[in-house]
Amino acid sequence: MIHDERNPTRRRRQAFRLLAAAILFVTALSLAGCDESAEEPGTIDDSPLTRDYAPQAGDGWQVSTPAEQGLDPELVAELYDDAGDLETLYGLLVVKNGHLVAEKYFHEGSAEQKARIQSATKSVASALVGIALDQGCLTSVEQKMLDSFPEVAGLITDPRKEQITIRQMLQMRAGYPWEETHPDLWEGLLSGHYPRLVEEFPLTADPGTRFQYSNLTSNWLGIIVDRACGSHLKPYAEENLFSPMGVEPGEWGTDWEGHNNGCGDLHLRARDMARFGQLYLDDGQYEGSQIVPADWVHDSLQTYSEDAWDNIGRFKDIGYGYHWWSATADEHRVNFAWGHGGQLIVLVDELDLVVVTTADPFWLQHDSQSWKHEKATISLVADFVTSLPTQ
């Protein structure tokens, strides 16, 4: 987004809100003079213009207002005003101090829509790795990748692959390349036949030395959990992650062998994405139950690779943890799950704040047009977080 001094549209909106607030104030004074039972002007919470994002109670959420939870209502109103300009945004939620304080849906979005959250699925897959370790299905993050792929272990010609660990896979430092860098890699990702690609696809970096984003690496992680725990990711997540939080996921895409894809294709409602984000702000606890181990949450949100991605608007210093991104937004540090098209679960730990967006997933469309809209959604959230005072 552009600063106010360069954005006449935002200035007009602000002036309009100030004028509306003044009219309401004068009207309230007039009513008070005519009716002694009328409320004092100071008891009016927000103008109607800033209340169209008020959430509805339900789904176990505690509902509140921005002001009651220490957020400037004007900044929240600006966030939703700017959101209205985005052509592909579906949903925008703000959670503060565990309370849902703002929620609105746009275009094709709705409260009941189970959005394709794209690569934000990777953060869910990471949580399942942590749960599998806690349950003893997996022994350690130092466990070797090839331990779970005996069908290709004897075919490996690059000895470096024998040293790849689960930790390196979580950090996107296994050495496999990003699929969008070559048509053959992209075709392999779309093939749905993944175990054989462990051997067929080459490493382009020594394991553990460099960040390289790889969807196949996430799919292989999902298969590792699947084989170790004896359950596909979706039923495993339903039993150990989603059901304890009252979440009913939608469909979750699979490969040709029936494994749910660790890299993407999970469908969730925006409120359930927010619940997952709040779970991480609460150190893996939900209503007193430890769903994800607290130390796993801590380890996942660290930055193991700095400068993992170019700056996006006011999100700077973008790094990577265990399938979670990190960034700075002026004085704030954020972690976020990020999916193509603008699916976001943004955590600001110091403010106990979660911001969720859902948007057009631009399924299989990876071009300048889709990136333009995706970047606009990320910048929307980055601008909002940057505008918030530190605590």
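This paragraph deals with the packing of aromatic side chains. Counting across every chain of the model gives 20 aromatic pairs. With a centroid separation of 5.9 Å and an interplanar angle of 15°, the aromatic rings of Phe-276 and Trp-324 are classed as stacked. In this pair, Phe-276 is assigned in helix H10 (residues 270-281) and Trp-324 in the loop between strand E8 (316-320) and strand E9 (325-329), connecting sequence segments 48 residues apart. A single burial state applies to Phe-276 and to Trp-324, both of which are buried. Put simply, the rings of Trp-178, Phe-211, Tyr-213, Trp-309, Phe-315, Tyr-320, Trp-325, Phe-336 and Trp-338 pair up and form one aromatic cluster. Against the face of Trp-363 rests Arg-116, its NZ or CZ located 4.0 Å from the ring centre.

What follows covers a nonpolar patch on the surface. Where nonpolar side chains cluster on the molecular surface, the patch consists of Leu-190, Trp-363 and Leu-364 and spans about 320 Å² of accessible area. Along the chain, Leu-364 turns up in the loop between strand E12 (353-359) and helix H12 (368-387). Among the residues examined, Leu-364 registers a relative accessible area of 45% and is labelled partly exposed.

All right, on to the sheet that holds strand E2 (residues 89-96) then. Strand order in this open sheet of 8 strands is E1-E3-E2-E12-E11-E10-E9-E8, and the pairing throughout is mixed. Taken across any chain shown, the strands that pair with only one partner, and hence form the sheet edges, are strand E1 (62-63) and E8. Helix-sheet contacts for helix H2 (residues 73-83) involve E2 and strand E3 (99-105), and the interaxial angle to E2 is about 170°. Running at roughly 150° to E12, H10 makes contact with E2, E3, strand E11 (343-348) and E12 of the sheet.

This next bit is on the pairing of E12. Across a regular strand the side chains alternate sides, sitting on one face of the sheet and then on the other. Burial analysis of E12 places 7 of its 7 residues in the buried class, which makes it a mostly covered element. Side chains Leu-353, Val-355, Thr-357 and Ala-359 project from E12 onto one buried face, and the interleaved Val-354, Val-356 and Thr-358 project onto a second face that is buried too. Alignment of E11 against E12, held across 5 bridges, turns out to be antiparallel. Within E12, the position partnered with Val-346 by the bridge is Val-355. Counted along the chain from E11 to the antiparallel partner E12, the turn is 4 residues long, and its residue Asp-352 has a positive phi close to 50°.

This part takes up the environment of Val-63. Here Val-63 is to be found in strand E1. With relative accessibility at 35%, the residue Val-63 sits in the partly exposed group. The sequence separation of Val-63 and Val-95 amounts to 32 residues, and the corresponding C-alpha distance is 9.1 Å. With residues near it in sequence (within four places) discarded, Val-63 still touches Pro-55, Gln-56, Ala-57 and Leu-100.

This paragraph deals with the packing of helix H3 (residues 121-135) against helix H9 (residues 233-242). At a closest axis distance of 10 Å, the pairing of H3 and H9 adopts a crossing angle of 75°. On the basis of the axis angle, H3 is roughly perpendicular to H9. Of the residues in H9, those in contact with Val-124, Ala-127, Leu-128, Ile-131, Ala-132 and Gln-135 of H3 are Leu-233, Tyr-236, Ala-237, Asn-240, Leu-241 and Phe-242. The residue inventory of the contact of H3 with H9, partitioned by class, reads 10 nonpolar, 2 polar and no charged.

With that settled, the discussion passes to the pattern of salt bridges. Going through the model one piece at a time under the given rule, you end up with 13 salt bridges. The residue Glu-151 makes a salt bridge to Arg-227 at a minimum N-O spacing of 2.9 Å. Placement of Glu-151 in helix H4 (residues 150-153) and of Arg-227 in helix H8 (residues 215-229) is noted, with a sequence separation of 76 residues between them. A residue is classified by how much of its surface remains accessible, and Glu-151, at 39% relative accessible area, is partly exposed.

Here we come to the side chain of Asn-219. Here Asn-219 is to be found in helix H8. Contact partners of Asn-219, with chain neighbours within four places excluded, come to Leu-189, Tyr-194, Asn-261, Gly-262 and Cys-263.

Reading the values: the criteria
Residues numbered from 1 in each chain as written. Predicted model: local features only at pLDDT ≥ 70, side-chain atom pairs only at ≥ 80, totals over all residues. Heavy atoms only, no water. Phe/Tyr/Trp six-rings, centres within 6.5 Å; stacked < 30°, edge-to-face > 60°. Helix = DSSP H or I, 4+ residues; strand = E, 2+ residues; numbered from the N terminus. Buried < 20%, exposed > 50% of the residue type's maximum accessible area, 1.4 Å probe, protein only. Lys NZ or Arg CZ within 6 Å of the ring centre and 35° of its normal. Patch = residues over 30% accessible without salt bridge, like charges linked within 9 Å, V, L, I, M, F, W, Y side chains within 5 Å. Areas by Shrake-Rupley, 256 points an atom, 1.4 Å probe, with all protein chains shown as cover. Salt bridge = Lys/Arg side-chain N within 4 Å of Asp/Glu carboxyl O. Pairing = 2+ DSSP bridges. Contact = heavy atoms within 4.5 Å. Axes fitted to C-alpha atoms, helices over the stretch in contact; angles between N-to-C directions. Parallel < 35°, antiparallel > 145°, perpendicular 65-115°, else oblique. Nonpolar A, V, L, I, M, F, W, Y, C, P; charged D, E, K, R; others polar.

Read these as spatial facts, not as claims about activity.
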